[in-house]
Amino acid sequence: MAAMMSLARRKAGGLLRPETMRLAAVFCRGFAAAADDNDVVVIGGGPGGYVAAIKAAQMGLKTTCIEKRGTLGGTCLNVGCIPSKALLHSSHMYHEAKHAFPSHGVKFSQLEIDLPAMMAQKDKAVSGLTHGIEGLFKKNKVNYVKGFGKFVSPSEVSVDTLEGGNTVVKGKNIIIATGSDVKSLPGITIDEKKIVSSTGALSLSEVPKKLVVIGAGYIGLEMGSVWGRLGSEVTVVEFAPDIVPSMDGEVRKQFQRMLEKQKMKFMLKTKVVGIDASGDVVKLTVEPAAGGEQSTLEADVVLVSAGRIPYTAGLGLDTIGVQTDKAGRIPVDKHFMTNVSGVYAIGDVIPGPMLAHKAEEDGVACVEFIAGKEGHVDYDMVPGVVYTHPEVASVGKTEEQVKALGVAYQVGKFPFMANSRAKAIDDAEGLVKILAEKETDKILGVHIMAPNAGELIHEAVLALQYGASSEDIARTCHAHPTMSEAVKEAAMATYDKPIHM
Amino acid sequence: MAAMASLARRRAGDVFRPEAVRRAAVFCRGFAAAAADENDVVVIGGGPGGYVAAIKAAQMGLKTTCIEKRGTLGGTCLNVGCIPSKALLHSSHMYHEAKHAFPSHGVKFSQLEIDLPAMMAQKDKAVSGLTRGIEGLFKKNKVTYVKGFGKFVSPSEVSVDTLEGGNTVVKGKNIIIATGSDVKSLPGVTIDEKKIVSSTGALALPEVPKKLVVIGAGYIGLEMGSVWGRLGSEVTVVEFAPDIVPSMDGEVRKQFQRMLEKQKMKFMLKTKVVGVDTSGDGVKLTLEPAAGGEQSILEADVVLVSAGRVPYTAGLGLETIGVQTDKAGRIEVDKHFMTNVSGVYAIGDVIPGPMLAHKAEEDGVTCVEFIAGKEGHVDYDMVPGVVYTHPEVASVGKTEEQVKALGVSYRVGKFPFMANSRAKAIDDADGLVKILAEKETDKILGVHIMAPNAGELIHEAVLALQYGASSEDIARTCHAHPTMSEAVKEAAMATYDKPIHI
């Protein structure tokens, strides 16, 4: 398929330039270690940055990575993906203990939450992983500079180090991987105590009685789930008519219903026009998005999760003339190069889905281009996962996007209520939905809501990569009993008929 | 790839015979009651192979009857196998997690105890919901369901002693034997399903045995041993062979056994059971090294006999119609699943191939497609296997031993879950992904996974094998972060190049 052909092209190889690059580096080398000329300098040590740095080093390129946080792993590892997954898991354990264990024969009394212990487990996981990446840097001989980097020229980055000094890092190729930051809302000051971003929401000192979440994207819903399970009364306020607007509409409807069953309340088409944090409790003034009668909402904690924006403050882009678009993102060509030669950008700071794995793919591909090889990232084949319970995962097009394409299509669905494994463990909410071209049966999109949709989706991602038909998946043997059988049955429902429904 | 090509062949279609079959059926129809009408397809056995074949046949427009003696559909799998065991594995895992993991995750409680009746009730409820579900599917697809014990009187007639006490003869142009398998008994060991149990009894014990001895270290014994071990039993597994789960990749098996031992499962390998004494309260087993030698006594409250399963064809009347079986009692079939008797087919555990429910389902669909004049295809090399312990072990394709035996030069890529972000985030990081690929072409030959949810992760690998994937293909496929599946990607990277995260 396409993937195999591009594989062949890649193997045929491009111009391998590391050798010439190393020669050039030798001629430009100064006398101080940190000022040595690198083949690659990466500004930012998040998933995009650290992966690019390790990849570059593995490919024989002299590499330095600059990170200001004091630990590697970026937002994802420190205050994003990883701590949230830890809390989602622990809070799910509590919720299961409370609601499911008795019917499964596991009894106990005086169930309670030990929040410090829960946070300690999360912190331990995060710290273990950040240390792990430092270890990978050492193993791969990536030079790690702790500090805030700023361009002084297209091949030099001035770093105010965390120790208090300054050093200049030189590189033939510089990759901007500075990621993104929380989007603040006008009139709302985040103090990470009563008004928090996801960072504060991951470290609350006690379970809030009332939590209001502003923004019904996946971050708000995941954090809302955590605290809702631990006992908070959660209300999600969203300006748009829908939660998670990028989700397939039919799946979104079931998803919202499922969250409401978990006692999450939604106020859609609603905007926050005022916030009063003066008292013990936060008072929000809300109004219909189209204007109208105001009302007040009270909360002990307010989570602002209304999106994230590219982070390039203080980077010195203007110094070297790197352009950004209206949204503050750095436009790049298909080699991830900015408008300035030798300066590249990857991850959340450039267009495309703001996801850690997309940044990792960018990083690897960018470095492969720098090394004179071929790289490739297809943003249409980047899966998305919402880690609520059940999870929602998808890859490819939603039904709305397929309709907009104007192609004739067929849909196959299969509910987990009819899946043996889900019924055996009594955790059977959700469905698999597959969209395929009517004429060719070629899969266009797969959407899964299931206890472990985030894992199930990868069969679909690989299928999309191969230009699979739904019949291909339907005729692949799936182990019994597994959740994955629902993917097979949905595929059967797409091109023919399911057996188990 | 091959799959796509055969797909094209299937679409090009073959001679479509149901119409001719239906016409023939009309001419042969007799006057007696509905059960005596001639069917296009009769399926003997309502397990995963049988009920799936029956539904598929009905969906393809064939008049179908399914005969099942159990009183419920779903076979061993649904009633006393896959499903109830998964329910108990899940519940016992909940208990085990509550005891060992919850406190460190901030979930505290006191007086943790097992309510075995409630645990069993959940299992029974799940099973009964699913068996009724299949009855519903039969009704929906208009499959005639005959409850009783079927026996061939001719290649197109099955005499059924019905559960109600009567008899009826079911006629069919094509008859599919899907009678499955049964527990293999050991000489000198009588299963009473109380103190000496098969998996059936092990799924319904009235109390947690203090000491459980498992005879046979295959996946059934290890899964059931896990259930009761988690609930507090002292579990010892006695196995004649030098290895547990002999079909598992050797390197993975070693880690797997170590992991089970960490869970306090004890193993006595290369050991045979030479005597069983149930005269007292408990059971006394006399053991001996497999090669002979000094005997020893092992005491148990309950003994689980899980030393394999044998094809079940007793009383089926195979001799009446001359259907041949091999030395192991399995019915031999050609690539259309036809036995040596024209019009008589066989699928599932009763024929050669892995004795797995999903293999039976694939057999069933394919057999019916052939009967309907279409093309069908099952590749036994692409049937995944899963052991539902915790972590689970799943694999598809060849083990390293099998690759070595092939004589091809190969490369191996491995990635441990200790280095996987999601596994570390939830502190459940035992296991690894191991990929074997041809050295020259990078074509994947086998994938082996030990992980909390290996049984789900394996399907990316099954699809990859179907497509003749290279490990580089998987490595260049975007995997969501953070997920366990990333370990599959990293192992693929380790296979053809280098992993990033280790």
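Predicted, not measured: the structure shown is a model, and the values here were computed from it.

K.L.:
Would you take a moment to explain the overall build of chain B for this structure?
P.N.:
The number of helices and strands found in chain B is 16 helices and 22 strands. If one aligns the C-alpha atoms of chain B with their principal axes, the spans along those axes are about 70 × 60 × 50 Å. For chain B, the residues scored as buried account for 59% of the 502 residues in total. When the accessible surface of chain B is totalled, it reaches about 19,300 Å², and 53% of it is carbon and sulfur. Once the 57 positive and 59 negative side-chain charges of chain B are each reduced to a mean point, those two points are 2 Å apart.

K.L.:
Which parts of the structure should I look at to understand the interface of chain B and chain A?
P.N.:
Often the size quoted for an interface is simply the accessible area lost on bringing the parts together. Each side of the interface is counted separately: chain B has 94 residues, and chain A has 97 residues. Ranking the residues of chain B by area buried against chain A places Glu456(B), Arg476(B) and Ile500(B) at the top, with a combined share of 9%. At the boundary of chain B with chain A, the tally comes to twelve salt bridges. The shortest N-O distance in the salt bridge between Lys107(A) and Asp115(B) comes to 2.8 Å. The interface formed by chain B and chain A includes 45 residue pairs in polar contact (both at pLDDT 80 or more). Of all the elements, helix H5 (residues 82–100) of chain B adds the most residues to the side of chain B that touches chain A, at ten residues. In terms of residue class, the side of chain B that touches chain A is built from 47 nonpolar, 22 polar and 25 charged. When strand S3 (residues 106–113) of chain A meets strand S3 (residues 107–114) of chain B, the two strands line up antiparallel, connected through five bridges. In the strand pairing of S3(B), Glu112(A) is matched with Lys108(B).

K.L.:
Any chance you could explain the pairing of strand S12 (residues 270–276) of chain A here in plain terms?
P.N.:
Sheet faces and side chains relate simply in a regular strand, where the side chains alternate between the two faces. Residues and elements named next belong to chain A. Two elements, S12 and strand S13 (residues 282–288), share six bridges in a ladder whose sense is antiparallel. Across the sheet, the residue bridging to Thr270 is Pro288, located in S13. In this antiparallel pair of consecutive strands, S12 and S13, the connection spans five residues.

K.L.:
When you look at the UniProt feature "domain: FAD/NAD(P)-binding" (unreviewed entry) in chain A in this model, what are you seeing that I'm missing?
P.N.:
The UniProt record annotates "domain: FAD/NAD(P)-binding" (unreviewed entry) at residues 39–363 of chain A. A helix fraction of 32% and a strand fraction of 29% characterise residues 39–363 of chain A, whose end C-alpha atoms lie 15 Å from each other.

K.L.:
Even after reading the chapter, I still don't get the packing of aromatic side chains, so can you show me in this structure?
P.N.:
Each aromatic ring pair is characterised by the separation of its centres together with the angle its planes make. Residues and elements named next belong to chain A. Evaluation of the coordinates by the stated rule reveals five aromatic pairs over all chains. Residues Phe137 and Tyr144 carry aromatic rings whose centres are separated by 5.8 Å and whose planes lie at 80° to one another, so their mutual orientation is edge-to-face. As far as burial versus exposure is concerned, Phe137 and Tyr144 are alike and both buried.

K.L.:
Can you walk me through the sheet that holds strand S10 (residues 234–238) of chain B in this structure?
P.N.:
Note: strands within a sheet are paired through backbone hydrogen bonds, in either parallel or antiparallel orientation. Residue and element names in this part refer to chain B. If you trace the five strands from one edge of the open sheet to the other, you get S8-S15-S9-S10-S11, paired in parallel fashion. The open sheet is flanked by strand S8 (196–197) and strand S11 (266–268), the only strands paired with a single partner. Two elements, S8 and strand S15 (residues 302–305), share two bridges in a ladder whose sense is parallel. Each bridged residue has a counterpart across the sheet, and for Val197 the counterpart in S15 is Leu304. Relative to the sheet, helix H8 (residues 219–230) contacts strand S9 (211–215), S10, S11 and S15, its axis offset from that of S9 by approximately 175°.

K.L.:
In this structure, what is going on with the UniProt feature "binding site: NAD(+)" (unreviewed entry) in chain B? I would like to understand it.
P.N.:
Residue and element names in this part refer to chain B. According to UniProt, the positions carrying the feature "binding site: NAD(+)" (unreviewed entry) are Gly216, Ala217, Gly218, Tyr219, Ile220, Gly221, Leu222, Glu223, Glu239 and Gly308. Mapped onto the fold, Tyr219 is located in helix H8. Given a relative accessible area of 32%, Tyr219 falls into the partly exposed group. Sequence-distant contacts of Tyr219, defined by excluding residues within four places in its chain, comprise Val245, Met355, Leu356 and Val387.

K.L.:
Just to check I follow, could you spell out the UniProt feature "binding site: FAD" (unreviewed entry) in chain A for this structure?
P.N.:
Residue and element names in this part refer to chain A. In the numbering adopted here, UniProt assigns the feature "binding site: FAD" (unreviewed entry) to Lys85, Gly149, Thr178, Gly179, Ser180, Asp348, Met354, Leu355, Ala356 and His357. For this annotated set, covering 273 residues, the C-alpha atoms extend up to 29.9 Å from each other, a dispersed arrangement in space. Considering only the annotated residues already named, the ones lining the largest cavity are Lys85. Checked against the element boundaries, Gly149 lands in strand S4 (residues 143–153). When near neighbours in sequence (up to four residues on either side) are disregarded, Gly149 contacts Ile66, Val157, Ser158, Val159, Gly314 and Leu315. Mapped onto the elements, Leu355 comes out in the loop between strand S17 (343–345) and helix H11 (356–370). What makes Leu355 buried here is its relative accessible area of 18%. Discounting residues that sit within four places of it in the chain, Leu355 has contacts with Tyr218, Asp348, Val382, Pro383 and Gly384.

K.L.:
I keep staring at the pattern of salt bridges and nothing clicks. Help me out?
P.N.:
Note on pairing: side chains with opposite charge can pair once their charged atoms come close. Summed over the entire model, instances satisfying the criterion amount to 39 salt bridges over all chains. The closest approach of N and O atoms between Asp114(A) and Lys108(B), which form a salt bridge, is 2.7 Å. One end of the pair, Asp114(A), is in the loop between S3 and helix H6 (115–140); the other, Lys108(B), is in strand S3, on a second chain. Residue Asp496(A) is joined to Lys56(B) by a salt bridge in which the shortest nitrogen-to-oxygen separation is 3.3 Å. Placement of Asp496(A) in the segment after helix H16 (485–495) and of Lys56(B) in helix H3 (residues 48–59) is noted, with the two residues assigned to different chains.

K.L.:
Looking at this model, I keep getting lost on H8(B). Mind explaining?
P.N.:
For an α-helix, the turn length of 3.6 residues means that residues three or four places apart are oriented alike. Residues and elements named next belong to chain B. The end-to-end C-alpha distance of H8 is 16 Å, a good match for the 16 Å that twelve residues give at a rise of 1.5 Å each. Most of H8 sits out of view: nine of its twelve residues are buried. Taken together, the buried positions of H8 are Gly221, Leu222, Glu223, Met224, Gly225, Ser226, Val227, Trp228 and Arg230. Positive backbone phi, at 120°, marks Gly232, one or two positions downstream of H8.

K.L.:
What is the right way to look at the nonpolar core in this model?
P.N.:
Nonpolar side chains tend toward joint burial in soluble globular proteins. Phe255(A) and Phe256(B) are the most contacted members of the largest nonpolar core, which totals 271 residues. In contact with Phe256(B), other than residues within four places in its own chain, are Leu222(B), Ile244(B), Val245(B), Met248(B), Val387(B), Thr389(B), Pro391(B), Val393(B) and Met450(B).

K.L.:
What is the right way to read a negative patch on the surface from this model?
P.N.:
On the surface, Glu207(B), Asp281(B), Glu299(B) and Asp301(B) cluster together into a patch of negative charge. Take Glu207(B): it is sitting in the loop between helix H7 (199–202) and S9.

K.L.:
So what exactly am I meant to see when it comes to unusual backbone geometry here?
P.N.:
Apart from glycine, the bulk of residues carry a negative phi angle, and the bulk of peptide bonds sit in the trans form. All names here are of chain A. The omega angle of the peptide bond from His389 to Pro390 is -5°, so this bond is cis rather than trans. You can see Pro390 is positioned in the loop between strand S18 (384–386) and strand S19 (391–396). Residue His480 is joined to Pro481 through a cis peptide bond whose omega torsion reads 0°. Relative to the helices and strands, Pro481 resides in the loop between helix H15 (470–474) and H16. With a phi close to 60°, Lys141 is a non-glycine residue in the positive phi region. For Lys141, a relative accessible area of 69% corresponds to the exposed category. Residue Glu192 is not a glycine yet carries a positive backbone phi of 55°.

What counts, and at which threshold
- Residues numbered from 1 in each chain as written.
- Chains lettered and ligands numbered in written order.
- Predicted model: local features only at pLDDT ≥ 70, side-chain atom pairs only at ≥ 80, totals over all residues.
- Heavy atoms only, no water.
- Helix = DSSP H or I, 4+ residues; strand = E, 2+ residues; numbered from the N terminus.
- Buried < 20%, exposed > 50% of the residue type's maximum accessible area, 1.4 Å probe, protein only.
- Areas by Shrake-Rupley, 256 points an atom, 1.4 Å probe, with all protein chains shown as cover.
- Lys, Arg positive; Asp, Glu negative; His and termini not counted.
- Charge placed at Lys NZ, Arg CZ, Asp CG, Glu CD.
- Contact = heavy atoms within 4.5 Å.
- Buried area = accessible area lost by both parts, 1.4 Å probe.
- Salt bridge = Lys/Arg side-chain N within 4 Å of Asp/Glu carboxyl O.
- Polar contact = N/O pair within 3.5 Å; in protein donor to acceptor, adjacent residues only side chain to side chain.
- Nonpolar A, V, L, I, M, F, W, Y, C, P; charged D, E, K, R; others polar.
- Pairing = 2+ DSSP bridges.
- UniProt positions renumbered as here; feature names shortened; annotations may be inferred.
- Phe/Tyr/Trp six-rings, centres within 6.5 Å; stacked < 30°, edge-to-face > 60°.
- Axes fitted to C-alpha atoms, helices over the stretch in contact; angles between N-to-C directions.
- 1 Å grid on protein atoms, 1.4 Å probe; cavity = no way out; pocket = protein on both sides within 12 Å on 5 of 7 lines; lining within 4 Å.
- Expected span 1.5 Å × (residues − 1).
- Core = buried A, V, L, I, M, F, W, Y, C linked by side-chain atoms within 4.5 Å.
- Patch = residues over 30% accessible without salt bridge, like charges linked within 9 Å, V, L, I, M, F, W, Y side chains within 5 Å.

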